[in-house]
Amino acid sequence: MSKPTMYHNPRCSKSRQTLELLRARGIEPEIVEYLQTPPDAQQLGHVLDLLGLEPRQLMRSNEAEYKEHKLADASLSRDELIQAMVEHPRLIQRPIVISHGKAALGRPPEAVLEILE
């Protein structure tokens, strides 16, 4: 069985809770601290596909970068929004867990359990 991958921000309480939940079940995921090692556009597009979300649905619209770069503009394409998240990874909602060809957003943390079976 391959290890789940977790896009993690150790400063985020939901991310820490999700990691604790996984570890409590004996699961040690491969951790990607995405603020230090952001996904590229192709990886992020794949994650969005696995989640079944559009880019804005994975964006943290309360971050300063969202307003500064006018990312609420409806004319922006999927690729432009993905590129904004690549350049400003703080915009990416977290945590994201990928396992068995599926992905889940850990909000709430228990949501990731569905993809682990």
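Here the structure is shown first, and the text comes after it.
Quick caveat, the model's predicted, so the values are computed rather than measured.

Caption draft 1: Structural detail: the overall build of the chain. A tally of helices and strands in the chain yields four helices and four strands. For the chain, the sequential pattern of α-helices and β-strands runs β-α-β-α-α-α-β-β. The globule rule puts the C-alpha radius of gyration for 117 residues at 13 Å, and the 14 Å found for the chain is close to it. In terms of principal-axis extent, the alpha carbons of the chain reach across some 45 × 25 × 20 Å. Across the 117 residues of the chain, 45% fall into the buried class. Nonlocal contacts in the chain, meaning residues at least 24 apart in sequence, comprise 61% of its contacts between residues at least 6 apart. Here the chain has roughly 6,600 Å² of accessible surface; of this, 47% comes from carbon and sulfur atoms. Of the charged side chains in the chain, 15 are positive and 17 negative; the average position of the first set lies 6 Å away from that of the second.

Caption draft 2: Up close: the pairing of strand β2 (residues 30-33). Pairing between strand β1 (residues 5-8) and β2: four bridges, direction parallel. If you follow His-8 over to β2, its bridge partner there is Glu-33. Note on the crossover from β1 through helix α1 (residues 13-24) to β2: the handedness is right-handed.

Caption draft 3: Inspection of the nonpolar core at higher detail. Core analysis: the largest hydrophobic core is formed by 21 residues, its most contacted members being Met-59 and Ile-96. If you list the elements that add at least two residues to this core, you get α2 (41-51), α4 (78-87) and β3 (96-99). With five residues, α4 is the largest single contributor of residues to this core.

Caption draft 4: Representation of the side chain of Ser-99 within the structure. With respect to the helices and strands, the residue Ser-99 is situated in strand β3. Note on Ser-99: relative accessible area 5%, which makes it buried. If near-sequence neighbours (up to four positions away) are discounted, Ser-99 is found in contact with Pro-4, Ile-115 and Leu-116.

Caption draft 5: Examining the environment of Gln-83 more closely. Inspection of the secondary structure assignment puts Gln-83 in helix α4. Taking C-alpha positions, Gln-83 is 35 Å from Arg-25, a pair spaced 58 residues apart along the chain.

Caption draft 6: Region of interest: the packing of α2 against α4. At their nearest, the axes of α2 and α4 sit 9 Å apart, and the two run at 115 degrees to each other. Here α2 is positioned roughly perpendicular relative to α4, judged by the angle of their axes. Considering how the two elements wind past one another, α2 and α4 form a crossing that is right-handed. Only Arg-78, Ile-82, Gln-83, Met-85 and Val-86 of α4 make contact with α2, whose side of the interface consists of Ala-41, Leu-44, Gly-45, Leu-48 and Asp-49. Taken together, the residues of the contact of α2 with α4 break down into six nonpolar, two polar and two charged.

Conventions used here
Residues numbered from 1 in each chain as written. Predicted model: local features only at pLDDT ≥ 70, side-chain atom pairs only at ≥ 80, totals over all residues. Heavy atoms only, no water. Helix = DSSP H or I, 4+ residues; strand = E, 2+ residues; numbered from the N terminus. Rg over C-alpha atoms; globule rule 2.2 N^0.38 Å. Buried < 20%, exposed > 50% of the residue type's maximum accessible area, 1.4 Å probe, protein only. Contact = heavy atoms within 4.5 Å. Areas by Shrake-Rupley, 256 points an atom, 1.4 Å probe, with all protein chains shown as cover. Lys, Arg positive; Asp, Glu negative; His and termini not counted. Charge placed at Lys NZ, Arg CZ, Asp CG, Glu CD. Pairing = 2+ DSSP bridges. Right-handed = clockwise from strand over helix to strand, strands pointing away. Core = buried A, V, L, I, M, F, W, Y, C linked by side-chain atoms within 4.5 Å. Axes fitted to C-alpha atoms, helices over the stretch in contact; angles between N-to-C directions. Parallel < 35°, antiparallel > 145°, perpendicular 65-115°, else oblique. Left-handed = near helix turned anticlockwise from the far one by under 90°. Nonpolar A, V, L, I, M, F, W, Y, C, P; charged D, E, K, R; others polar.

From the geometry alone we can't say anything about function, so treat these as descriptive.
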